[in-house]
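# Summary of the model geometry
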Amino acid sequence: NIVRQQDGTWLAQKPNIWQWITDKYQVQRSIQADTLFFLPNGNAVLSNRQGFVVVDKESKHIGQHYSQLAVCSAGELLVASKQKIGIVTIEGRELITCLYDTVQVKEQYIFTKSPQGWQVFSRSGKMTSARYYDRLKESEGYVYVQKNGYWGVIDPSGREVLACVY
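Reading the values: rules and limits
Residues numbered from 1 in each chain as written. Predicted model: local features only at pLDDT ≥ 70, side-chain atom pairs only at ≥ 80, totals over all residues. Heavy atoms only, no water. Pairing = 2+ DSSP bridges. Helix = DSSP H or I, 4+ residues; strand = E, 2+ residues; numbered from the N terminus. Phe/Tyr/Trp six-rings, centres within 6.5 Å; stacked < 30°, edge-to-face > 60°. Buried < 20%, exposed > 50% of the residue type's maximum accessible area, 1.4 Å probe, protein only. Lys NZ or Arg CZ within 6 Å of the ring centre and 35° of its normal. Salt bridge = Lys/Arg side-chain N within 4 Å of Asp/Glu carboxyl O.

Once that is clear, we can look at the pairing of strand E16 (residues 127-133). Note: strand E15 (residues 117-122) against E16, 3 bridges, orientation antiparallel. Paired with Phe121 across the bridge in E16 is Met127. As consecutive antiparallel partners, E15 and E16 are separated by 4 residues, and within that stretch Gly125 has a phi angle of approximately 95°, a positive value.

Here you go:
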């Protein structure tokens, strides 16, 4: 792989190493990685024997290594560590810690599931409700929640508009 960068340098891949090279064949910087893909903000994700990690424009690691990583939206990455799932931003900031068995990114919310049940987070990663639910469904800005077979509703602030008695 050889690609011309916007700044005029060349990005070239050797086995397990990527190099930024000037027109005069000078190596500006190198990074050890099996794969490298760029994010919309100029940061990148690299993979190597340690896993996946977000790196900044100077190839410095941001945050920790993850065993798995996938783009889940324009600004968020679904990550896994120790068989648990979380979310980090493309800036490398952790939104949802890798503590969950399932993570679902919805239009206005993030739903997480652990052995205790489902929880609701805002898209900024703030827990909107500390309660655990059996089922969740987003509709018209509200979250319909089920606990012990009964449904209720919580609003975007996490306030229980209707208790789980219906």
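Having seen the structure, we can now continue with the description.
Attention now moves to the packing of aromatic side chains. Applying the stated criterion to the full structure yields 2 aromatic pairs. Ring plane angle 25° and centroid distance 6.4 Å describe the contact between Tyr109 and Phe111, whose orientation is recorded as stacked. Taken individually, Tyr109 and Phe111 each receive the classification buried, so the pair is uniform in this respect. A cation over a ring is seen here: Arg29 above Trp20, with NZ or CZ 3.8 Å from the ring centre. Positioned above the aromatic ring of Trp151, the side-chain terminus of Lys137 is 5.8 Å from the ring centre.

Once that is clear, we can look at the pattern of salt bridges. It is possible for side chains of opposite charge to pair when their charged atoms get near one another. Overall, the coordinates contain 5 salt bridges when judged by the stated rule. We note a salt bridge from Arg159 to Asp155, for which the minimum N-O separation is 3.3 Å.

Keep in mind these values describe shape, not function.
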